[in-house]
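# Per-entry structural report
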Amino acid sequence: MTDDRTAEANGIRATYDETETERVLEFGATGDGAGSHPPAGATAAIAQNLEGYAMLKVRPTADGDELERYYGFDMALDHAAELLGVSPHDLPIPTAAEDMGM
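For the structure given in this document, a descriptive report is provided here. From a predicted model like this one, the values you see are computed outputs, not experimental measurements.

Moving on to the nonpolar core. One finds Leu25, Phe27, Ile46, Phe73, Leu84, Leu91 and Met100 to be the most contacted residues of the largest nonpolar core, which totals 23 residues. Only strand E2 (12-18), strand E3 (22-29), strand E4 (43-49), strand E5 (56-59) and helix H1 (73-84) provide two or more residues apiece to this core. Top element by residues in this core is H1. It accounts for six residues. Sequence-distant contacts of leucine 25, that is, excluding residues within four places in its chain, are made with Ala14, Thr15, Tyr16, Ala44, Ala45, Ile46, Phe73, Ile93, Pro94, Ala97 and Met100.

Below you can see the structure in the form of structure tokens.
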């Protein structure tokens, strides 16, 4: 069975969830700390309204305070990667979250 709401790569686990009001993509370091992987406990999150048409909000955690808003998913991913100390290309994206920001 495949899980389209989680993905893991490069020392980062991504989890997509939907609340009553938002779509949330949360990134967390898996803790192996090897190479350029983020340190254990590092997190970042991207949230968008449930309808999927509003600006994307970058937060330090899924329920944290908003740090910045972006129109494009790529810009939100850049900021999330910066919070984790990795390249945006290192962030795994679950299938269910691929259309965020569209």
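Our next topic: the pairing of E2. Looking along a regular strand, one sees side chains alternate from face to face of the sheet. Two strands pair when backbone bridges link them, and strand E1 (residues 6-9) and E2 are joined in this way by four bridges, in the antiparallel orientation. Along E2, the bridge assignment pairs glutamate 8 with arginine 13. The turn joining E1 and E2, which pair antiparallel and follow one another in sequence, is formed by two residues; a positive phi near 55° is taken by asparagine 10. The sheet contact formed by E2 and E3 spans seven bridges and is antiparallel. The partner of threonine 15 across the bridge, within E3, is glutamate 26.

Basis of the calculations
- Throughout, residues of each chain are indexed from 1 in the direction in which the sequence is written.
- Given that this is a predicted model, residues contribute local features only at a pLDDT of at least 70 and side-chain atom pairs are listed and counted only at 80 or more, while totals for whole chains, interfaces and linings are drawn from all residues.
- Hydrogen atoms and water are omitted, and side-chain values are computed over all heavy atoms in the structure.
- Buried Ala, Val, Leu, Ile, Met, Phe, Trp, Tyr and Cys residues form a nonpolar core when they are joined through side-chain atoms within 4.5 Å.
- The cut-offs for exposure are 20% and 50% of the maximum accessible area for each residue type, with area from a 1.4 Å probe on protein chains only; residues under the lower value are buried, those over the upper are exposed, and the others partly exposed.
- Secondary structure follows DSSP: runs of H or I at least 4 residues long count as helices, runs of E at least 2 residues long count as strands, and numbering of each begins at the N terminus.
- Whether two residues touch is decided by their heavy atoms; if any such pair falls within 4.5 Å, the residues are in contact.
- What makes two strands pair is DSSP finding at least two bridges between them.

Taken by themselves, the reported measurements are silent on function.
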